[in-house]
Amino acid sequence: MEKILIVEDDADIREGVRILLEGEGYSIMEAENGRKGLELLSEEPDLVILDVMMPGMSGLKTCEEIRKVSYVPVLFLTARSQESDKLIGLMAGGDDYLPKPFSYSELLGRVKALIRRWKIYRGKEEPAEAREEKYLERSGIRISEEFNEVSVEGKSVELSDIEYNILLLLMKYPGKIFSAQNLYESIWNEPYFYNCNATVMVHIRKLRVKIEKDPKNPQLIVTVWGKGYRFGERQIKTEDQFAVC
């Protein structure tokens, strides 16, 4: 059973994260400040979830101290989401960065990805053949079927939960056309109304910006006029008629 150390001064956030991760089968240790977290490091956790803004020893300082004795992955939680703040966290030794507020599914995806990489680093991961079965690879995109981990042409991209789920669904059925109603009811798990079409369009646009070479001329997330969307190949046949929403 993998062990996770949560270092967070907010008791409510600690409890919420603990309940989520215990429900996924992880063993959880908790610390309300950096100094207590460093003491628990001797228990050899597989992941440290670390709040940046804590009284006393900050999360950044705590991470620096962790790196003096361990290479355990560190996931920063913070209310600050500017790119410069992310860079500071990574320079302090962090492995990933999740701004508050965050969804539990997004947190769980990051946790699974970091622990899997840590196990590979220590040579304790399952055989490569088994891991490959959990990924889809099409047109330069590699996506995990279990959690929010996506790369385009070998470069990692960060998707929201909704964007990830849309992309995964389309990639599972390449060429199949999904109407806006299909997508909305499958991804949001809510009844579809006409104005929901705009919600789907906005998320499709955001997804294209992150994965398409030219978002204004999409070749992966293709719009089929009057029908919906499908996952296509980079080389689109001339007879295919589509337009960007």
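The sections below set out a description of the structure shown in this document. (Residues numbered from 1 in each chain as written. Predicted model: local features only at pLDDT ≥ 70, side-chain atom pairs only at ≥ 80, totals over all residues. Heavy atoms only, no water.)

**Some words on the environment of Ile 28**
In step 1: Relative to the helices and strands, Ile 28 resides in strand 2 (residues 27–31).
In step 2: Between the C-alpha atoms of Ile 28 and Ile 6, which are 22 residues apart in sequence, the distance is 7.3 Å.
In step 3: Setting aside residues no more than four positions away along its own chain, Ile 28 makes contact with Ile 4, Ile 6, Arg 18, Leu 21 and Glu 22. (Helix = DSSP H or I, 4+ residues; strand = E, 2+ residues; numbered from the N terminus. Contact = heavy atoms within 4.5 Å.)

**What to know about the sheet that holds strand 4 (residues 74–78)**
In step 1: Spatially, five strands are ordered 2-1-3-4-5 in an open sheet, and the strand pairing comes out parallel. Single-partner strands in this sheet number two, and they are strand 2 and strand 5 (96–99). Along the sheet, successive strands turn relative to each other by an average axial angle of 20 degrees, direction set aside.
In step 2: In the sheet, strand 4 pairs with strand 5 via four bridges, with the strands oriented parallel. Paired with Phe 76 across the two strands is Tyr 97, which belongs to strand 5. (Pairing = 2+ DSSP bridges. Axes fitted to C-alpha atoms, helices over the stretch in contact; angles between N-to-C directions.)

**A word on the pattern of salt bridges**
Pairs can form between side chains of opposite charge whenever their charged atoms are close.
In step 1: All chains considered together, the criterion is met by 17 salt bridges.
In step 2: Arg 116 is the salt-bridge partner of Glu 149, the closest N and O atoms lying 2.8 Å from each other. One end of the pair, Glu 149, is in the loop between strand 7 (141–144) and strand 8 (150–152); the other, Arg 116, is in helix 5 (residues 104–121), with 33 residues separating them in the sequence.
In step 3: Judged by its relative accessible area of 13%, Glu 149 is buried. (Salt bridge = Lys/Arg side-chain N within 4 Å of Asp/Glu carboxyl O. Buried < 20%, exposed > 50% of the residue type's maximum accessible area, 1.4 Å probe, protein only.)

Interpretation note: all reported values are geometric properties and have no functional meaning in isolation.
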